[in-house]
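Report on the structure
Residues per chain, in single letters:
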Amino acid sequence: MKRRQVPSSGTAGSLYEALADELTAAIRSGRLPAGSSLPSLRECAAQRKLSLNTVNAAYRLLEDRGLIAARPQSGFYVRSELAEPEFAFRRIAKDVMSPAQVDLMTSVLQAQQQPGHMDLAFAGPRGKRFYPGERLARITSSVLRRHGEIVATYALPPGSLLLREQIALRSSRLGMDLTADCIVLTHGAMEALQLALRAVTQAGDYVGIEAPSYFNIYPLLAALGLKAIEIPTHPQHGLDVDSVEHLLLQKRVAAVVAMPTVHNPLGCSMPVEAKQRLAQLLHQHRTPLIEDMVYAELQFREPLEPTIKSFDRMGWVLACGGFSKTLAPDYRIGWIVGGRYQEAVQRLKFASSASESMLLTEAVGQFLKSGGYEHHLRTLRRLYASQVATVRGWIAQAFPEGTRATQPTGGFVLWVELPPQVDSLKLFHAALARGIVIMPGQVYSKGPRYRHFLRLSCCQDIDDRFAAAIRTLGQLAAELLAGEVCEHGNH
Ligand SMILES: Cc1ncc(COP(=O)(O)O)c(C=O)c1O
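So, how was this worked out
Residues numbered from 1 in each chain as written. Predicted model: local features only at pLDDT ≥ 70, side-chain atom pairs only at ≥ 80, totals over all residues. Heavy atoms only, no water. Helix = DSSP H or I, 4+ residues; strand = E, 2+ residues; numbered from the N terminus. Rg over C-alpha atoms; globule rule 2.2 N^0.38 Å. Contact = heavy atoms within 4.5 Å. Areas by Shrake-Rupley, 256 points an atom, 1.4 Å probe, with all protein chains shown as cover. Pairing = 2+ DSSP bridges. Axes fitted to C-alpha atoms, helices over the stretch in contact; angles between N-to-C directions. Disulfide = S-S within 2.5 Å. Buried < 20%, exposed > 50% of the residue type's maximum accessible area, 1.4 Å probe, protein only. Parallel < 35°, antiparallel > 145°, perpendicular 65-115°, else oblique. Left-handed = near helix turned anticlockwise from the far one by under 90°. Nonpolar A, V, L, I, M, F, W, Y, C, P; charged D, E, K, R; others polar. Right-handed = clockwise from strand over helix to strand, strands pointing away. Near = heavy atom within 4 Å. Polar contact = N/O pair within 3.5 Å; in protein donor to acceptor, adjacent residues only side chain to side chain.

1. Description of the overall build of the protein
- Within the protein, the regular secondary structure consists of 15 helices and 16 strands.
- Rg of the C-alpha trace for the protein: 23 Å, near the compact-globule value of 23 Å for 491 residues, within the 12% margin.
- Dimensions of the protein, computed from C-alpha atoms along their principal axes, come out at roughly 70 × 55 × 45 Å.
- Taking the contacts inside the protein whose residues are at least 6 apart along the sequence as the reference set, 76% of them involve residues at least 24 apart.
- Here the protein has roughly 21,000 Å² of accessible surface; of this, 53% comes from carbon and sulfur atoms.

What follows is the structure in structure tokens.
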């Protein structure tokens, strides 16, 4: 793969990005089919009254996205695109978690802590362009200067009124109508999920979860003595509502946990009509949904699509959110709206960890109130949309034939399906030996379902080192594939 310089996304009002986006849309819609030629740089510049440099930068971005390629002597043509993963689902055994899955998560965590490693597994804003550290430091120190006494006492649940009011105010952007008094601040979204599960289930119950699912849900269910039933989840449309209905009719689950708006690791959202239908079904079957919306504000397109909580008239949805993906994981600030389980949630929170740091929650509250958070989110959305498209293009160039990758509509992770012969656990170890950490598919399900999948995070600068890591991964995947093909023949 040739190394490309990616122009920094701040240049020249991003005229070239606008052109690249327009051509991307034309390619994706089929108006510019695979194999067709693009106008030459000069023709395009003349047609659109743009500078040659702008058109050149746009074409380079399209090359990086894997959408076009240069043909010697005859200009640029549209490549056939990296396909998306297909929707395929087979039932598997019901143990909550395999010991291998636990060991693997531990190995990934240990690998991530190795200094100097290229970490493509970590999912959180990393680096100055993604984390407004200076602004937050200024606000935090100003809160401390003006209200130094807040660190000398215990805050009480439900936590900072300022932050809860701000979360409530923002909720309309996601179609919700939350009020400050229905929000409880939690220790990250992880605690919100835990409180929600404890409020609606008892040990021994079955809980419906998505496949693939956020990997920490497995140890959480195991710790609470709950059993998982995996529900088919489509790589483009999210949770399959027919399958949920089937489970609800059989009365097999005490609750469902899902990420309907910007799924991790799929990066997709359920269509709005499917969300509405699911909200109705939950009410009809009197079954709670724990809606994990930590990535929902990272939808690429505005206006943002509504959450399922928006359609919940009777309080069956427990909404869980937080700031780890949009601001900084270390603040450990999450929140929950318990719906009809609100009292239980509040009681459990008090018994679990009493309250969150008033200093940090007030600082984040101020950041939201100042408008800084909204501005930051707008920047992140554009940046992540462009980064995942670019890395997807690099994957198309570097990975073996038959590789597929999601086209996220939000968030910053790519879910990559390798040819079925490639074991992503072997790839994980081979990559680790080269100083690269990936999230192998095996942690996303209790069985071998995602043995040939991996997740790559694009929430840091996608610089030369990042591009080199993608090339190395592609090469290692190709070597593993060749090894398997030699050993077992190609079936
Ligand atoms: C889908 C999802 N839900 C919840 C969490 C937990 O978030 P927090 O760091 O706020 O506890 C994560 C973090 O990776 C996540 O990806």
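2. A few points about the sheet that holds strand β5 (residues 206–211)
- With mixed pairing, the 8 strands of this open sheet are ordered in space as β4-β11-β10-β9-β8-β5-β6-β7. Where the open sheet ends on each side, the last strands, each with one partner, are β4 (183–187) and β7 (238–239).
- Relative to strand β9 (residues 289–292), strand β8 (residues 255–258) runs parallel, the two sharing 3 bridges. If you follow V256 over to β9, its bridge partner there is L289.
- Contacting β4 and β11 (333–337), helix α6 (residues 161–170) crosses the sheet at an angle of about 110° to β4.

3. Focus: unusual backbone geometry
- Here N264 and P265 are connected by a cis peptide whose omega angle stands at 15°.
- Considering the arrangement of structural elements, one finds P265 in the loop between β8 and α10 (272–284).
- Look at the link from E302 to P303: it is a cis peptide, with omega at 0°.
- Within the element layout of this structure, P303 appears in the loop between β9 and β10 (317–322).

4. Some thoughts on the state of the cysteines
- Inspection of the entire model under this criterion finds 0 disulfides.
- C458 provides the cysteine sulfur closest to C459, a residue in no disulfide bond, and the two sulfurs are 7.5 Å apart.

5. Considering the pairing of β11
- For β11, the tally of buried residues reaches 5 of 5 residues, placing the bulk of the element in the interior.
- Looking at chain direction, β4 and β11 are connected through 5 bridges and run antiparallel. Paired with T186 across the two strands is G334, which belongs to β11.
- Across 4 bridges, β10 lies against β11 in antiparallel orientation. Bridging from a neighbouring strand, C320 pairs with I336 of β11.

6. A short note on the sheet that holds strand β15 (residues 439–440)
- Spatial ordering of the open sheet is given by β12-β13-β16-β15, a layout of 4 strands whose pairing is antiparallel. Whereas interior strands pair on both sides, the edge strands pair on one side only; in this sheet they are β12 (404–405) and β15.
- Relative to strand β16 (residues 453–457), β15 is paired through 2 bridges, and the arrangement is antiparallel. Its bridge partner lying in β16, P440 is registered against L454.
- The sheet strands contacting helix α13 (residues 372–398) are β12, β13 (413–417) and β16, and the helix crosses β13 at an angle near 25°.

7. A word on the packing of α6 against helix α12 (residues 358–369)
- For the pair α6 and α12, interaxial distance at closest approach is 8 Å and the crossing angle is 40°. Viewed along their axes, α6 and α12 adopt a mutual orientation that is oblique. Where α6 crosses over α12, the handedness of that crossing is left-handed. Across the interface between the two elements, L162, L163, Q166, I167 and R170 of α6 pack against T361, E362, V364, G365, Q366, L368 and K369 of α12.
- The residue inventory of the contact of α6 with α12, partitioned by class, reads 5 nonpolar, 4 polar and 3 charged.

8. So, the environment of R382
- Within the fold, R382 resides in helix α13.
- Sequence separation between R382 and R301 is 81 residues; the distance between their C-alpha atoms is 9.0 Å.

9. Quick notes on the pairing of β9
- Going residue by residue along β9, you find L289 and E291 tucked away on one face and I290 and D292 tucked away on the opposite face as well.
- In terms of handedness, the path from β8 via α10 over to β9 forms a crossover that is right-handed.
- The sheet contact formed by β9 and β10 spans 4 bridges and is parallel. Residue I290 lies in a different strand from β10, and its bridge partner there is L318.

10. Comments concerning the site of the ligand
- Neighbouring the ligand are the residues G188, A189, M190, Y214, M259, N264, D292, V294, Y295, S324, K325 and R332.
- Taking M190, its main chain carries an N or O atom lying 2.9 Å from an oxygen atom of the ligand.
- One of the side-chain N or O atoms of S324 is found 2.7 Å from an oxygen atom in the ligand.
- Coverage of the ligand by the protein amounts to 92% of the 400 Å² it exposes when considered alone.
- Element by element, the count of residues in the shell around the ligand is highest for helix α7 (residues 188–200), at 3 residues.
- Class assignment of the residues belonging to the shell around the ligand gives a composition of 6 nonpolar, 3 polar and 3 charged.

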